[in-house]
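Structural overview
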Amino acid sequence: MAVDNNTKYIFITGGVVSSLGKGIASASIGLLLKSRGLRVTILKLDPYINVDPGTLSPYQHGEVFVTDDGAETDLDLGHYERFIHDNMTKKNNATTGQIYYSVIKKERRGDYLGKTVQVIPHITDEIKYRIRTAGHDNVIYDVIIVEVGGTIGDIESLPFLEAIRQLCLEAGHENALNIHLTLVPYIKAAGEFKTKPTQHSVMRLRAIGIQPDVLLCRCEDHMGTDIKNKIGLFCNVAKEAVVEATDVSIIYQVPLVFEEGGLGNLLAQRLKLKTRKPNLSKWKAFVKNVQNPEKKITIAICGKYVELKDSYKSIIESFVHAGAACNAHVELKWVDAEEIENHTVAQFFGDVSGILIPGGFGNRGIEGKISVAGYARENNIPFFGICLGMQCAIIEFARNVCGMKNANGAEFSPQTDYPVIDIMEEQKNLSNLGGTMRLGAYECKIKPDTKTFNIYGKQTIHERHRHRYEVNNRYLDDFEKKGLIATGVNPGTNLVEIVEIQGHPWFIGVQFHPELKSRALEPSPPFREFVKAALDYAANRIV
Ligand code: GLN
């Protein structure tokens, strides 16, 4: 644990409505500070009682983001990694469930020596401890940014706010700062920006004992100096600390908007941080590439949670990164796997240049995905299967190329004669669902002279996992004889991590989730190469 008294804290709360982009705002602030040479980490505090989002349906929570050290965390951690280009850890996300769980464990052990265990001080002490010890154990941070989930006025986030109030007092004025992200709506009929919701939100914060130092105001367009001054006056915030967060078309523009609004310098001065001049040139170049692509292609994503795009957040962003690197805009066509089951596959995929099947759980839509993998294989369409997507491709190959009738995954059909995807021995007798999958980064060795090797350009890689089932090595020889090769294997366990089909222009399946490691300035290699393959496919089709 690396706690240092010189560490500064920035707390970010949200007001008026949810979905204002607190995660992006926190990540952007992280980038502005990092670009000034500071060591920064970001902690997300989640008010729900689940220990982690691992047991939540994607419809409830969107994607579960997995860290290298195997924590199942909030999807905001994905934004943090993509913006500040650093690996998050299990200590970058704390939930109410985790906080109470540790306090209750201590109580059972007798650590509280007969005292009554209460929200103040025991729960708030635990929260403060999580804040002070956020991030990597061996790093002393210049700044720890803390994003508080939920909206001011929620009952469930009160202990977090109380802990923040205490920590600000303990750290002292120069070492802690509060940012409140709020909405300043524009009412068309009146032709005016309205400040009242912000005033009310700040009033509630002040009643809790937190005076915001900076207001980040989400607004459709520039609100003008008069409105800014008015907000400052009514909310007791210096007018230069009322910063506009105007709507932008690409989330990666947000740090640039903040920088232009003077936020980076404001934070550095107020916290007396020793900084160098910010260097955002690479970031600006990346944003330019995203804004002005020369080419355009369409890639289909065939999944079962397609109505809620947040379920595939990291995949969507990976295509933005890969597109920027290939000078292309990647248009995503969302196809519901269940719908395919009643149609011909060509009806959905005839016009696309690549097909991706993402991860997922359970039976629904499986047969649709299996036929899509077959369609891509037979028609030489670039195909990328991730986790469940790879499993579907292998089932299809077993059935239709290797003649294994009704081959299946044990998750979908436990009685199948050919369990080509099977549960791991150590998973068989688990009774708890939470936190028990194969989670986090594992080493993978890549075979030389394969497409996979060309994709990564090296022999050893580490990618992140989140699954229970694996390729059944019993059938590997049969697959390889027919051209589906295991090109990436875990050196310790021999588990298959990557497959490719020989003779196909680009057919790759991965058991891990490469989307979790794609960064704005460092796209995931398989995503980048998949986009390249799709561009080639599109170019050749037109000819
Ligand atoms: N359901 C599959 C498994 O548990 C795949 C999981 C995933 O796609 N993340 O192995």
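Here is what the cut-offs are and how they apply
Residues numbered from 1 in each chain as written. Predicted model: local features only at pLDDT ≥ 70, side-chain atom pairs only at ≥ 80, totals over all residues. Heavy atoms only, no water. Phe/Tyr/Trp six-rings, centres within 6.5 Å; stacked < 30°, edge-to-face > 60°. Helix = DSSP H or I, 4+ residues; strand = E, 2+ residues; numbered from the N terminus. Buried < 20%, exposed > 50% of the residue type's maximum accessible area, 1.4 Å probe, protein only. Lys NZ or Arg CZ within 6 Å of the ring centre and 35° of its normal. Axes fitted to C-alpha atoms, helices over the stretch in contact; angles between N-to-C directions. Parallel < 35°, antiparallel > 145°, perpendicular 65-115°, else oblique. Left-handed = near helix turned anticlockwise from the far one by under 90°. Contact = heavy atoms within 4.5 Å. Nonpolar A, V, L, I, M, F, W, Y, C, P; charged D, E, K, R; others polar. Disulfide = S-S within 2.5 Å. Near = heavy atom within 4 Å. Polar contact = N/O pair within 3.5 Å; in protein donor to acceptor, adjacent residues only side chain to side chain. Pairing = 2+ DSSP bridges.

Quick word on the packing of aromatic side chains
For any pair of aromatic rings, geometry is given as the distance between the ring centres together with the angle between the planes. Summed over all chains, the structure comprises 21 aromatic pairs. When the centroid spacing of 4.4 Å and the interplanar angle of 20° are considered together, the rings of Phe383 and Phe507 count as stacked. Of the two residues, Phe383 is situated in strand 15 (residues 383-386) and Phe507 in strand 23 (residues 507-510); the sequence distance between them amounts to 124 residues. With relative accessibility at 0%, the residue Phe383 sits in the buried group. With relative accessibility at 2%, the residue Phe507 sits in the buried group. These aromatic residues form a ring-pair network of at least three members: Phe319, Phe384, Trp506, Phe527 and Phe530. Geometry around Phe234 places Lys230 over its ring, the cationic atom sitting 5.9 Å from the centre. Over the face of the ring belonging to Tyr442 we find Arg438, whose NZ or CZ atom lies 4.8 Å from the ring centre.

Let's talk about the packing of helix 5 (residues 119-132) against helix 6 (residues 158-171)
Viewed as axis vectors pointing N to C, helix 5 and helix 6 meet at an angle of 70°, and their least axial separation amounts to 9 Å. Between helix 5 and helix 6, the crossing angle belongs to the class labelled roughly perpendicular. Crossing of helix 5 over helix 6 shows right-handed handedness. Judged by residue contacts, Val119, Ile120, Ile123, Thr124, Ile127, Lys128, Ile131 and Arg132 of helix 5 engage Pro159, Phe160, Glu162, Ala163, Gln166, Leu167 and Glu170 from helix 6. Among the residues making up the contact of helix 5 with helix 6, the classes are represented as 9 nonpolar, 2 polar and 4 charged.

What to know about the state of the cysteines
A complete count under the given rule lists 0 disulfides for this structure. The structure places no disulfide on Cys168, whose sulfur is separated from the nearest cysteine sulfur, that of Cys235, by 18 Å. Given a relative accessible area of 17%, Cys168 falls into the buried group.

Concerning the site of the ligand
Surrounding the ligand, one finds Gly359, Gly360, Phe361, Cys387, Leu388, Gln391, Glu411, Arg466, His467, Arg468, Tyr469 and His513. Gln391 is positioned such that a nitrogen or oxygen atom in its side chain is 3.2 Å from an oxygen atom of the ligand. The contact in question runs from an oxygen atom of the ligand to an N or O atom on the backbone of Arg468, over 2.9 Å. Secondary-structure elements contributing two or more residues to the shell around the ligand are helix 16 (388-400) and strand 19 (460-467). When its residues are assigned to classes, the shell around the ligand shows 4 nonpolar, 5 polar and 3 charged.

What about the sheet that holds strand 20 (residues 469-471)?
Spatial strand order, 16-17-20: 3 strands in an open sheet with mixed pairing. Edge positions in the sheet fall to strand 16 (408-409) and strand 20, since each has one partner strand and no second. Pairing analysis gives 3 bridges linking strand 17 (residues 419-423) to strand 20, with the strands arranged antiparallel. Each residue of the ladder has a partner; that of Ile423, found in strand 20, is Tyr469. Against the sheet, helix 16 engages strand 16, strand 17 and strand 20, with an angle of about 145° to strand 17.

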